[in-house]
Amino acid sequence: MVRVRIAPTHDTARRCEFGARHRLRPMAPVLAALLGLISCARPEPAPEPIRLSFTPAMSAEERRVADTWGCTFVHLRVFKRDALDSDGRPAWLTTVNDGSGTLLDGAGHIVTPAHLIPSAGLTVEAQTIDGRWHPAELIDLSPERELALLRMAPASGCAFPQLPGQPPSAGERVLAIGAPDGRPGVVLSGRVQEPRFEVRVGYGAYGYADAIVLELDAAPGFSGGPVFDRQGRLIGMLASFGLGDITRVPYRAPRRGFAIPAAAIQAYLEEVSNRR
């Protein structure tokens with residue numbers, strides 16, 4: 001959705017005075033209103049930054065890691081162009097998906113699960129940790145890897161972790177950042193259950209191998225969010241979570257998430273680079 005904010009045509013702290021020649025006097029009120037919109041409009045306020053939210057049980061060290069690397073988290077919104085106006089621009093947009101992404105470098109490259117972007121004709125916007133929204137261009141879409149690569153405007157003021165070559169160890173503590181229910185910046189604490197899942201994870205046209213199985217309370221909106229170890233290394237990206245027995249009453253989520261490992265992300269980036 002594109003929002004246009006029109007500021008008042010007057011300001012109590014400042015007065016805008018307009019004159020008009022005698023021959024334009026009948027149009028003076030109209031001209032005054034138009035000029036007022038230009039010269040008296042207040043600048044748009046700075047966006048509200050994304051504030052990370054933690055559970056009370058999260059340790060000070062875990063909070064420090066999340067605060068240090070939280071800028072690699074981005075909030076994604078995917079839109080569908082429902083209609084075009086006479087100029088060929090979208091007349092309105094419908095939200096298709098709301099999720100997360102992982103910012104990889106200062107050039108603005110973002111990796112996210114392919115299932116968040118079902119087709120190449122959709123519009124994607126990325127919200128960075130400073131609260132600003134940026135249009136994101138789809139570079140590659142690979143459902144068979146459950147990965148998509150986006151690019152937004154170059155990012156600054158963020159240190160980017162290296163993608164480690166070695167998988168994490170079983171029992172290792174991890175952090176994940178996501179946007180459940182459209183609330184960006186929610187931090188989860190969990191641990192590695194299985195460093196390498198032997199069964200390929202698949203659903204519909206999407207799937208990936210060698211998943212890292214995590215014990216944490218993942219939910220819709222966390223897909224695409226970064227996963228860090230206690231040293232702040234990016235070990236992977238959340239892609240899906242287990243539903244468990246949905247017929248059970250009362251239903252209890254199994255606290256099981258699946259992450260695409262950093263090595264698979266690195267291999268994907270190299271493959272995309274070689275194809276271009």
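Our structure is the block above this text.
Keep in mind that what you see is a predicted model, and the values were worked out from it rather than measured. (Residues numbered from 1 in each chain as written. Predicted model: local features only at pLDDT ≥ 70, side-chain atom pairs only at ≥ 80, totals over all residues. Heavy atoms only, no water.)

A. Molecular detail of helix α3 (residues 262-275). Helix length check: α3 (14 residues) gives 20 Å between terminal C-alpha atoms against 20 Å at 1.5 Å per residue, within 8%. Here α3 has its buried residues at A262, I265, Y268 and V272. Along the axis of α3, the buried residues cluster in a sector spanning 120°; they form a single face. Looking at the buried residues of α3, the elements they touch are β3 (109-112), β5 (133-142), β6 (147-151), β13 (234-241) and β14 (257-261). (Helix = DSSP H or I, 4+ residues; strand = E, 2+ residues; numbered from the N terminus. Expected span 1.5 Å × (residues − 1). Buried < 20%, exposed > 50% of the residue type's maximum accessible area, 1.4 Å probe, protein only. Arc of directions from axis to C-beta. Contact = heavy atoms within 4.5 Å.)

B. Region of the structure containing the pairing of β5. Both strand β4 (residues 123-127) and β5 contribute to a ladder of 4 bridges, which runs antiparallel. Its bridge partner being in β5, Q127 is matched across the sheet by W133. Between β4 and β5, which pair antiparallel one after the other, the connecting turn spans 5 residues, and G131 there sits at a positive phi close to 90°. In this sheet, β6 lies alongside β5 in antiparallel orientation, the contact comprising 5 bridges. Each residue of the ladder has a partner; that of D140, found in β6, is L149. (Pairing = 2+ DSSP bridges.)

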